[in-house]
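Tertiary structure, described
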Amino acid sequence: MQNLLVILKKEIFPISLILILVLARLIPHPYNFSPMLAVGIFSGFYFRQFYLGSFIVIFSMFIGDLFLGFHNTMFFTYISLAVAVLIGLYVKHFKFTEILFSGVASSVCFFIITNFGAWLTLEMYTKNLAGLLQSYGMAIPFFHNTLTSTFVYLFVLKLLFDLTVKKKIFKASF
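These notes cover the structure that comes with them. Since we're looking at a predicted model, the values are computed, not measured. Within every chain, residues take consecutive numbers counted from 1 along the sequence as written. The predicted origin of the model limits local features to residues at a pLDDT of at least 70 and limits the giving and counting of side-chain atom pairs to 80 or more, whereas totals for whole chains, interfaces and linings rest on all residues. Values shown for side chains rest on all heavy atoms present in the structure; no hydrogens or waters enter the calculation.

**Points about unusual backbone geometry**
Keep this limit in mind: Helix and strand assignments come from DSSP, with helices taken as H or I runs of at least 4 residues and strands as E runs of at least 2, each series counted from the N terminus. Classification of residues uses two cut-offs on accessible area relative to the type maximum, computed with a 1.4 Å probe and protein chains only: under 20% is buried, over 50% is exposed, and between them is partly exposed.
The backbone phi angle of arginine 48 is positive, close to 60°, even though this residue is not glycine. Structurally, the position occupied by arginine 48 is in the loop between helix 2 (36-47) and helix 3 (50-68). Residue class for arginine 48 comes out partly exposed when judged on its relative accessible area of 30%. Phi is positive for phenylalanine 94, close to 55°, though the residue is something other than glycine. Position of phenylalanine 94 among the secondary structure elements: in the loop between helix 4 (74-89) and helix 5 (96-121).

**Some thoughts on the pattern of salt bridges**
The condition is simple: By definition, a salt bridge exists where a carboxyl oxygen of Asp or Glu is found within 4 Å of a side-chain nitrogen of Lys or Arg.
On inspection of all chains with the given rule, the structure shows two salt bridges. The closest approach of N and O atoms between aspartate 65 and arginine 25, which form a salt bridge, is 3.0 Å. Note that aspartate 65 is positioned in helix 3 and arginine 25 in helix 1 (residues 2-26), a separation of 40 residues in sequence. Taken individually, aspartate 65 and arginine 25 each receive the classification buried, so the pair is uniform in this respect. A salt bridge links lysine 158 to aspartate 162, with the shortest nitrogen-to-oxygen separation between them at 2.9 Å. Of this pair, lysine 158 and aspartate 162 both sit in helix 6 (residues 129-166), separated by four residues, roughly a single helical turn. Note on aspartate 162: relative accessible area 30%, which makes it partly exposed.

**A word on the packing of aromatic side chains**
Formally: Centre distance within 6.5 Å is the pairing criterion for rings of Phe, Tyr and Trp, where only the six-membered ring of Trp is used; planes under 30 degrees apart are then read as stacked, over 60 as edge-to-face, and the remainder as tilted.
Scanning the model with the defined rule gives 20 aromatic pairs in all. Here the aromatic rings of phenylalanine 62 and phenylalanine 70 are separated by 5.7 Å at their centres, their planes lie at 35°, and the arrangement is tilted. What makes phenylalanine 62 partly exposed here is its relative accessible area of 32%. An aromatic cluster is built from Phe42, Phe45, Tyr46, Phe47, Phe94 and Phe161, whose rings are joined through pairwise contacts.

**Focus on the environment of serine 135**
Stated precisely, the cut-off is as follows: Should any heavy atoms of two residues lie within 4.5 Å, those residues are considered in contact.
Counting through the fold element by element, serine 135 comes out in helix 6. Setting aside chain neighbours within four positions, we find serine 135 in contact with Asn115, Trp119 and Tyr125.

Right, here's the structure in full:
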């Protein structure tokens, strides 16, 4: 019975993150205002395992895509989420400056990777440098929401993490 409780405690947090992320995708929200990048960074920081952190965010996106529909740029979106997890692996203490740098880095990587994917796979862009620049230019208005949501959700995760570590609900892994 004790082993079952330990396993449940270990598994409940990743499962809860997946369910929260799926819900966050399915409820109405502004374009590109999502907790995905923030949870990717946090998963890399907290779990310290690239495969587990990537699984959490990519599986959550995939479940959401089952309901919302598949699209041509899914591969690029999933890659950019894995990059956010990779960035989170370099976060050591989840301090303010690390949140700022990881938030900016993951948002910029998401912007570059997903808009390259849009240029590559969508018919609306010519397949030359002008078309690539057009894809990045047309995406600039959405970058604000990506960056803002990443910071908002990272700070919420930081507050929750600090609270749970103080209350000794979760054990800090560093």
